[in-house]
Amino acid sequence: MLTALSPTAPQASEFSAPWRRSDRALVVDAYEYNTIDWKKLATDKRIVGFIGKASDGLAPPYACGGNETETRLCKALFKRHAVARELFHTRRMVAKSLGLKWGAYHLARPGNPIDQANNFIDFAEPEPDDLIAIDIEDNDPGKWMSLSDAEEFVRHVHRRIGRFPLLYTNGTTAKYVADNRDRYPLLSRLPLWYARYKPEIGEHFPKGNWQSYTLWQFASQSNCNDRSCPYRVLGTGNDIDVNVASMDADALRQAWPFGGLLDVPVELMASVPVPIAREAGLAGDVTLSYAPLETNGAVAALDAAFHPGAEPHPGRYGDMTAGGTSRWGRLVSYMASVRDEVFGWFRDEPPLPAGIDPTVTATIPARTERN
């Protein structure tokens, strides 16, 4: 029996207008000048989260000086900063009271990435369930934070709060990061918040590094007006940014706020046998399996954690080189000495005595570690 088929929208897929799928969750992001009617916005059950703009570059100076014009400008910048922060925290309270997940992003500008990371954390005061993100608008160090500095920003955020942000950027910059992932081992492993205002991205998305986006910003003022818009959010204007998630609402709520690094293709340099239980080994008939080693192992990760990355931006810390006289310089010296000591421990570790099987940890006797 033939059944009449009603016209339907074009098939939506992961890289082709996924917002047309009713099972895909949506997230709104806004800055301080976007107007929002929260009651209307909350009626759209596909909207799971709201990401607010937090800090912008470096924090303005608290104390102002200079001539009259410079002083007035300084005070105006600080007032704008204070008002934006108050609005940010008010919006967070309202969004969470309506059952929305909350997030914060930092608009990354040229300047000391350590200072900017501190500004972001102090401004947003992220709670454990708040998503965090770094916004790199384009790969143009003259206008936006350089990718090398962004690595330091991400590293310092992790030092302070123990988790990583999402990376918001456009297709061109995402592809550059993916093509140079050896230079950007952190940026290339962050969950990707992808910005592209076209319905099709399959040919542009850097699948060699990221298998998919976490969020895709598909609608903004650039492709939304009174006549047409990919998706209209009730209670907002045409200048609101709308994002589609790579998952449904329940999955997004469970995954939020992310905060970890993504797996990346492993470049094999060697393989080691996977440890087996002592009981299984004594029973015999054991088949060993082998696991790959990553080029960036524990030592490299430790080096990255201790790497002082703000030297090109003296800023408020003064001399930040190792041996410098400032507090930061002394801290850098201490960090370098700890790193060298730990690396020396790895290098000088004696070989295991004969008869000890490194794949069965139960055969390794207790020993006194170095202090």
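Structure first, text after, so check above.
Residues numbered from 1 in each chain as written. Predicted model: local features only at pLDDT ≥ 70, side-chain atom pairs only at ≥ 80, totals over all residues. Heavy atoms only, no water.

A.B. asks: Just to check I follow, could you spell out the sheet that holds strand E8 (residues 241-245) for this structure?
C.D. replies: Sheets are built from strands paired through backbone hydrogen bonds, the pairs being either parallel or antiparallel. One closed barrel accounts for eight strands, arranged E1-E2-E3-E4-E5-E6-E7-E8; its pairing is mixed. Across the sheet, the axes of successive neighbouring strands diverge by a mean angle of 30 degrees, strand direction being ignored. Sheet topology places strand E2 (residues 47-56) next to strand E3 (residues 101-107); six bridges connect them, and they run parallel. For Lys-53, the partnering residue across the bridge sits in E3 and is Tyr-105. In this fold helix H3 (residues 113-124) packs onto E2, E3 and strand E4 (131-135), with an angle of close to 125 degrees to the strand it touches most, E2. Lying on the sheet, helix H5 (residues 171-179) is in contact with strand E5 (166-170) and strand E6 (192-195); it crosses E5 at an angle near 120 degrees. (Pairing = 2+ DSSP bridges. Helix = DSSP H or I, 4+ residues; strand = E, 2+ residues; numbered from the N terminus. Axes fitted to C-alpha atoms, helices over the stretch in contact; angles between N-to-C directions. Contact = heavy atoms within 4.5 Å.)

A.B. asks: Would you take a moment to explain the nonpolar core for this structure?
C.D. replies: Generally speaking, soluble globular proteins have nonpolar side chains that are buried together. Ile-134, Leu-187 and Phe-218 are the most contacted members of the largest nonpolar core, which totals 56 residues. Every residue in contact with Phe-218, bar those within four places of it in the chain, is listed here: Trp-19, Leu-26, Arg-196, Tyr-197, Asn-223, Pro-230, Tyr-231, Val-242, Asn-243 and Val-244. Core analysis: the next-biggest nonpolar cluster, separate from the first, contains 17 residues, Val-27, Ala-133, Tyr-168 and Ala-195 among them. (Core = buried A, V, L, I, M, F, W, Y, C linked by side-chain atoms within 4.5 Å. Buried < 20%, exposed > 50% of the residue type's maximum accessible area, 1.4 Å probe, protein only.)

A.B. asks: What's the story with the pairing of E4 in this structure? I'm lost.
C.D. replies: Walk down a regular strand and you will see the side chains alternate between the two sheet faces. Burial runs high along E4: five of the five residues are buried. With burial as the criterion, each face of E4 is covered, one bearing Leu-131, Ala-133 and Asp-135 and the other bearing Ile-132 and Ile-134. Pairing between E3 and E4: five bridges, direction parallel. The residue bridging Ala-104 from the neighbouring strand is Ile-132, located in E4. A crossover connection joins E3 to the parallel E4 through H3; in handedness this β-α-β unit is right-handed. In this sheet, E5 lies alongside E4 in parallel orientation, the contact comprising three bridges. Note on E5: the bridge partner recorded for Ile-134 is Leu-167. Each parallel crossover has a hand, and the one from E4 via helix H4 (residues 147-161) to E5 is right-handed. (Right-handed = clockwise from strand over helix to strand, strands pointing away.)

A.B. asks: It is not clear to me how the pattern of salt bridges should be interpreted in this structure. Could you clarify?
C.D. replies: Close approach of charged atoms allows side chains with opposite charge to pair. On inspection of all chains with the given rule, the structure shows 15 salt bridges. Ionic pairing is found between Arg-21 and Asp-23, a salt bridge with its closest N-O pair at 3.0 Å. Among the salt bridges present, the one from Lys-53 reaches Glu-32, with a minimum N-O distance of 3.7 Å. Remark: Glu-32 occurs in the loop between strand E1 (26-30) and helix H1 (38-41) and Lys-53 occurs in strand E2; sequence separation between them is 21 residues. Of the two residues, Lys-53 and Glu-32, neither departs from the other in class, the shared state being buried. Via salt bridges that share partners, Glu-32, Lys-53, Asp-56, Arg-80 and Arg-109 belong to a single interconnected network. (Salt bridge = Lys/Arg side-chain N within 4 Å of Asp/Glu carboxyl O.)

A.B. asks: Just to check I follow, could you spell out the side chain of Ser-212 for this structure?
C.D. replies: You can see Ser-212 is positioned in the loop between E6 and strand E7 (215-219). Not counting the four nearest positions on each side in its chain, Ser-212 is found in contact with Glu-14, Phe-15, Phe-205 and Ser-246.

A.B. asks: Sorry, what's going on with H3 here?
C.D. replies: Think of an α-helix as turning once every 3.6 residues; residues three or four places apart then point the same way. The terminal C-alpha atoms of H3 lie 16 Å apart, and with twelve residues this matches the ideal 16 Å at 1.5 Å per residue to within 8%. For H3, the buried fraction is high: eleven of the twelve residues fall into the buried class. Taken as a whole, H3 has its buried residues at Pro-113, Ile-114, Asp-115, Gln-116, Ala-117, Asn-118, Asn-119, Phe-120, Ile-121, Phe-123 and Ala-124. Between the side-chain oxygen at the start of H3 and the backbone nitrogen of Ile-114 there is a gap of 2.8 Å, and the oxygen is on Asn-112. Remark: Glu-125 follows H3 within two positions and exhibits a positive phi of approximately 45 degrees. (Expected span 1.5 Å × (residues − 1). Polar contact = N/O pair within 3.5 Å; in protein donor to acceptor, adjacent residues only side chain to side chain.)

A.B. asks: What is the right way to look at the side chain of Thr-173 in this model?
C.D. replies: Structurally, Thr-173 can be placed in helix H5. If sequence neighbours within four positions are ignored, Thr-173 has contacts with Asp-138, Asn-139 and Leu-147.

A.B. asks: Help me understand unusual backbone geometry in this model?
C.D. replies: What is expected of a backbone is that most residues other than glycine have negative phi and most peptide bonds are trans. Look at the link from Trp-256 to Pro-257: it is a cis peptide, with omega at 10 degrees. Its identity is not glycine, yet Ala-17 carries a phi of approximately 45 degrees, on the positive side. Position of Ala-17 relative to the elements: it lies in the segment before E1. A residue is classified by how much of its surface remains accessible, and Ala-17, at 1% relative accessible area, is buried. For Glu-125, which is not a glycine, the phi torsion comes out positive at approximately 45 degrees. Relative to the helices and strands, Glu-125 is located in the loop between H3 and E4. A relative accessible area of 40% means that Glu-125 is categorised as partly exposed.

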